[in-house]
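Fold and contact review
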Amino acid sequence: MCPRCDSLKAEAVAESPVKGAWTVYSCPICFYTWRSTEADQFTDPSKYEPSFKVRQDDIPNAIQVPAVPKKALG
């Protein structure tokens, strides 16, 4: 389950080179990504900071993040 939006669609997307050291999970709904070794406040939906929670219904109406400007040459 995604800690940020409570989606049941979160899934493992990467494993550590050292077997069992860590797993990276990602949510395809809100794009939150976390590593299994992070603190409960970032990985456990019941301990995730409520002010940072995202409602799935709000995601389609979210303001887009501006693009990063291209690096100036020279």
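Above this text you will find the structure in question.
Just so you know, these numbers come straight off a predicted model, no measurement behind them. Counting starts from 1 at the beginning of each chain's written sequence and moves along it residue by residue. It should be noted that, the model being predicted, local features are given only for residues of pLDDT at least 70 and side-chain atom pairs only at 80 or more, the latter also being counted only at that level, while totals for whole chains, interfaces and linings use all residues. Side-chain descriptors were evaluated using all non-hydrogen atoms of the structure, hydrogens and water having been removed beforehand.

On to the packing of aromatic side chains, then. Aromatic pairing here means that ring centres of Phe, Tyr or Trp (its six-membered ring) are within 6.5 Å. Orientation follows from the plane angle: under 30 degrees is stacked, over 60 is edge-to-face, and everything else is tilted. Following the criterion strictly, the structure yields 3 aromatic pairs and no others. Arranged with centres 5.8 Å apart and planes meeting at 25°, the rings of Tyr25 and Trp34 form a pair that is stacked. For Tyr25, a relative accessible area of 28% puts it in the partly exposed group. Only protein chains enter the accessibility calculation, which uses a 1.4 Å probe; a residue whose area is less than 20% of its type maximum is buried, one above 50% is exposed, and one in between is partly exposed. The class for Trp34 is buried, based on a relative accessible area of 7%. When the ring of Tyr32 is compared with that of Tyr48, the centres are 5.5 Å apart and the planes differ by 75°; the resulting orientation is edge-to-face.

Moving on, we come to the pattern of salt bridges. In what follows, salt bridge is the name for a side-chain nitrogen of Lys or Arg lying within 4 Å of a carboxyl oxygen of Asp or Glu. On inspection of all chains with the given rule, the structure shows 4 salt bridges. Asp57 is the salt-bridge partner of Arg55, the closest N and O atoms lying 3.8 Å from each other. Owing to a relative accessible area of 52%, Arg55 belongs among the exposed residues under this scheme. The salt bridge partner of Arg55 is Asp58, with a shortest N-O separation of 3.7 Å. Through salt bridges with shared partners, a single ionic network connects Arg55, Asp57 and Asp58.

Position of Pro28 among the secondary structure elements: in the loop between strand 2 (23-26) and strand 3 (33-35). Assessed through its relative accessible area of 45%, Pro28 is described here as partly exposed. The contact criterion used is simple: two residues touch if any of their non-hydrogen atoms lie within 4.5 Å. With near-sequence residues (within four places) excluded, Pro28 lies in contact with Lys9 and Ala10. Note on conventions: DSSP H or I runs of at least 4 residues are helices, E runs of at least 2 residues are strands, and numbering of each starts at the N terminus.

On to the nonpolar core. Take the buried Ala, Val, Leu, Ile, Met, Phe, Trp, Tyr and Cys residues and link them wherever side-chain atoms come within 4.5 Å; each set so joined is a nonpolar core. If you look at the biggest cluster of nonpolar residues, it comprises 7 residues: Cys2, Cys5, Cys27, Cys30, Tyr32, Trp34 and Tyr48. Not counting the four nearest positions on each side in its chain, Trp34 is found in contact with Met1, Cys2, Pro3, Ala10, Thr23, Val24, Tyr25, Ser26, Cys27, Phe42 and Thr43.

Next up on the list: the environment of Glu11. For Glu11, the position within the fold is in strand 1 (residues 11-15). What makes Glu11 partly exposed here is its relative accessible area of 49%. Each C-alpha atom of the pair Glu11 and Glu38 lies 16 Å from the other, and the pair is 27 residues apart in sequence. When neighbours within four sequence positions are excluded, Glu11 is seen to be in contact with Val24, Tyr25 and Ser26.

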